Amino acid sequence: MATPMTVETPRLDVDEFLTLAISETPQELHAFFESFRTLYGRKLWHQLTIKLFEFFDYPLTRPYRVDVFNKFVRDFESKLNQLRVVEMGVKVSKEIDNPVTHLQFLTDLLSRVNIEKSPEAHVLLLATLAHAKLLYGDHEGTKNDIDAAWKVLDELSGVDPSVNAAYYGVAADYYKSKAEYAPYYKNSLLYLACIDPAKDLTTEERVLRAHDLGIAAFLGDTIYNFGELLMHPILDALDNTPHEWIKKLLFTFNEGNIGKFEALAPLFPKEPILQENYPFLRQKICLMALIESVFKRGAYDRTMSFQTIAEETRLPLDEVEHLVMKALSLKLIKGSLDQVEQKAQITWVQPRVLSREQIGQLAGRLETWGSKLHKVEGRIAPEVLVNS
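Definitions and limits used
- Residues numbered from 1 in each chain as written.
- Predicted model: local features only at pLDDT ≥ 70, side-chain atom pairs only at ≥ 80, totals over all residues.
- Heavy atoms only, no water.
- Helix = DSSP H or I, 4+ residues; strand = E, 2+ residues; numbered from the N terminus.
- Rg over C-alpha atoms; globule rule 2.2 N^0.38 Å.
- Buried < 20%, exposed > 50% of the residue type's maximum accessible area, 1.4 Å probe, protein only.
- Contact = heavy atoms within 4.5 Å.
- Areas by Shrake-Rupley, 256 points an atom, 1.4 Å probe, with all protein chains shown as cover.
- Lys, Arg positive; Asp, Glu negative; His and termini not counted.
- Charge placed at Lys NZ, Arg CZ, Asp CG, Glu CD.
- Polar contact = N/O pair within 3.5 Å; in protein donor to acceptor, adjacent residues only side chain to side chain.
- 1 Å grid on protein atoms, 1.4 Å probe; cavity = no way out; pocket = protein on both sides within 12 Å on 5 of 7 lines; lining within 4 Å.
- Points joined across faces, edges and corners; volume = space filled by probe spheres on them.
- Nonpolar A, V, L, I, M, F, W, Y, C, P; charged D, E, K, R; others polar.
- Pairing = 2+ DSSP bridges.
- Salt bridge = Lys/Arg side-chain N within 4 Å of Asp/Glu carboxyl O.
- Axes fitted to C-alpha atoms, helices over the stretch in contact; angles between N-to-C directions.
- Parallel < 35°, antiparallel > 145°, perpendicular 65-115°, else oblique.
- Expected span 1.5 Å × (residues − 1).
- Core = buried A, V, L, I, M, F, W, Y, C linked by side-chain atoms within 4.5 Å.
- Phe/Tyr/Trp six-rings, centres within 6.5 Å; stacked < 30°, edge-to-face > 60°.
- Lys NZ or Arg CZ within 6 Å of the ring centre and 35° of its normal.

A. Spatial organisation of the overall build of the chain. In terms of helices and strands, the chain carries 20 helices and three strands. By the compact-globule yardstick of 21 Å for 388 residues, the chain is too spread out, its C-alpha radius of gyration being 30 Å. Overall size of the chain, expressed as C-alpha extent along the three principal axes, is 95 × 65 × 55 Å. For the chain, with 388 residues in total, the buried portion stands at 44%. At a minimum sequence separation of 6, the contacts of the chain that also span at least 24 residues come to 60%. Looking at the chain as shown, the accessible area adds up to about 21,500 Å², and 54% of this sits on carbon and sulfur atoms. Side chains of the chain carry 44 positive and 54 negative charges; the gap between the two charge centres is 3 Å.

B. Representation of the side chain of glutamate 77 in the model. Note on placement: glutamate 77 falls in the loop between helix H4 (65-76) and helix H5 (82-93). Judged by relative accessible area, which is 9%, glutamate 77 ranks as buried. Among the polar contacts listed, one links the side chain of glutamate 77 to the side chain of arginine 112, at a separation of 2.5 Å.

C. Region of interest: the layout of surface pockets. By volume, the largest pocket amounts to about 1,100 Å³. Residue lining of the largest pocket: 29 residues in total, with Val90, Lys94, His131, Ala166 and Tyr191 positioned closest to the centre. Only H5, helix H7 (119-135), helix H9 (161-177), helix H10 (181-193) and helix H12 (203-219) provide two or more residues apiece to the lining of the largest pocket. No other element matches the seven residues that H9 contributes to the lining of the largest pocket. Its residues assigned to classes, the lining of the largest pocket shows 14 nonpolar, six polar and nine charged.

D. Spatial organisation of the pairing of strand E2 (residues 333-338). Summarising the sheet, E2 and strand E3 (residues 343-349) pair through six bridges and their orientation is antiparallel. For serine 336, the partnering residue across the bridge sits in E3 and is glutamine 345. Hairpin geometry of E2 and E3 is characterised by an intervening segment of four residues between the two adjacent antiparallel strands and by a positive phi of about 60° at glutamine 342.

E. Highlighting unusual backbone geometry. For alanine 179, which is not glycine, the phi torsion reads 55° and is therefore positive. You can see alanine 179 is positioned in the loop between H9 and H10. Judged by relative accessible area, which is 42%, alanine 179 ranks as partly exposed. A positive phi angle is found at glutamine 342, which is not glycine, with a value near 60°. Relative to the elements of secondary structure, glutamine 342 occurs in the loop between E2 and E3.

F. View of the pattern of salt bridges. Summed over all chains, the structure comprises 20 salt bridges. The closest approach of N and O atoms between aspartate 212 and lysine 176, which form a salt bridge, is 2.6 Å. Of this pair, aspartate 212 sits in helix H12 while lysine 176 sits in helix H9, placing them 36 residues apart in sequence. By relative accessible area, aspartate 212 is classed as buried at 13%. For lysine 176, a relative accessible area of 40% translates into the label partly exposed. Here the residues in one salt-bridge network are Asp15, Glu34 and Arg37, joined through shared partners.

G. Geometry of the packing of H12 against helix H17 (residues 278-296). Close contact between H12 and H17 brings their axes to 9 Å; oriented N to C, the two are set at 75°. Regarding the angle of H12 to H17, the classification is roughly perpendicular. Contacts between H12 and H17 involve Ala217, Phe218 and Leu219 on the former and, on the latter, Phe280, Leu281 and Lys284. Looking at the contact of H12 with H17 residue by residue, the class counts come to five nonpolar, no polar and one charged.

H. View of H10. Helix length check: H10 (13 residues) gives 18 Å between terminal C-alpha atoms against 18 Å at 1.5 Å per residue, within 8%. Along H10, the residues classified as buried are Tyr184, Tyr185, Asn187, Ser188, Leu189, Tyr191 and Leu192. At its buried positions, H10 is contacted by H9, helix H11 (197-200), H12 and helix H13 (227-231).

I. Representation of the nonpolar core within the structure. Counting residues in hydrophobic clusters, the biggest one holds 116 residues, and the most contacted among them are Leu52 and Phe72. In terms of residue count, H7 provides more of this core than any other element does, ten residues in total. Among residues more than four places away in sequence, those in contact with phenylalanine 72 are Leu12, Val14, Phe17, Leu18, Phe36, Tyr40, Leu48, Leu52 and Asp67.

J. Here's a closer look at the packing of aromatic side chains. Here the structure, examined in full by the defined rule, presents 25 aromatic pairs. On the numbers, 5.5 Å between centres and 20° between planes, the contact of tryptophan 45 with phenylalanine 76 is stacked. You can see tryptophan 45 sitting in helix H3 (residues 45-57) and its partner phenylalanine 76 sitting in helix H4, a full 31 residues away along the chain. Judged by relative accessible area, tryptophan 45 falls into the buried class, the value being 18%. On the basis of relative accessible area, phenylalanine 76 is assigned to the buried category, the value being 1%. An aromatic cluster of three or more residues is present, and its members are Phe17, Phe32, Phe33, Phe36, Tyr40, Trp45, Phe55, Phe56, Tyr58, Phe72 and Phe76. Stacked on the ring of tyrosine 224, the Lys or Arg lysine 284 has its end atom at 4.9 Å from the ring centre. Taking NZ or CZ as reference, lysine 334 lies 5.0 Å from the ring centre of tryptophan 348, over its face.

See below:
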C-alpha cells in the first residue's frame, strides 16, 4: 500500500523575490521592499510585522498584496505572532474576488494555524471564513464555523477585542440573514462593545446598525428590556434621519406609553415588517404598559384589579388575564392571579432603564418614603430619650 507523501512548499529565494518585486512595482513602493530585505536579513520579526502592516494598508499595494503574502510572508510566518499573521491574511483575502479562491486561501491559512498555541488566531480565521461563506450564501457552512469558533472562544479569557469583534460581528450578520431577532440583538450589541463605532463604522453603517437594532428590539419575542440599547450612543446615528421616529418608538416602548405608541403607529408603513407584525407590537406595548403601571406603585400597593389593568393597558376586560399570564410566563413580573376576585398580586417587576420622567417619579417616591421615616423618627425619639 502506498504511503501518502508530504508535499513541502518550495523554499523561497527571498533576495530574488524582493529584487524582482522592486523591478515590477511602482517607485513609490520600493522603500517597502528594501525595508523588508533589511529586516528579514537581521531577523527583526516584530519590526518586519509592523512594516508589513504598513505595506498592506498602503492603497497602491492592492495588486501586490496576495503575492507578497503567499510567497514572502509564507516563508517565515511561523516566526511571527500567529494572530498578527492571520490579521494580515484577513486583510489580504479581501483582494481575492473569486469565491472558490477566496475560501481556499482562508482554509489553507487555517490549516497552518496551531489551535493549541494560537486559539485567538484560530477564532479570528474561523469568523472570517464564516463571513465569507455567508456572503456566498452558504448558511450551513457559516453556522458550522460560528459554532466551532464559539467552542474555542468560550474557553478563553482576556481575548483581543478584534477577535471578539470578528466573532460577534459575523454572528450578528448570520442571525440578521435568518431574521432571528433576539440573537441578532444580543450579538450586535456585543459587537458594538468590542469596537469604537465612531472610528470603526462609517456614518451609513452606524445608521444601518441602529436601525436594525431598533427593529430587532421591537420584534424580538424575548426582548422586553431595551436598556442597553437606549443607553448606547449608536442610537444618536438616527437623529435627523428618516429613521428618527424609530428612536422615539424605542423610548415609547420603554415607557410603556400606549398613547405615544398609537401616535407613532401611522408611521409603521415606512417599515413594512412592523406593519405586518402590528398585533404582536400591540401586545408588546401592553405588556410594557403593565410593567410601567406596576413600577409606579409602591411596594405595598401592587395588588391590582383586572379593571385597573384594563384601563392602564387599554385592553378589554376579558383579555387582561391572558396578558398577565403572558407577563408571568416571560418573567417580566412575578406574582399570582386570583381569578375569583379578578385581581393580580404582583411581588416583583423586571428591572429596566428609566427615562427622566420615570426617574422623577422614583425620586418623588423616595422623598415620600423619607418624610414617612422622619415622622416615625419624631414619634419614637422622645421614648428613646426617656428610656435612656
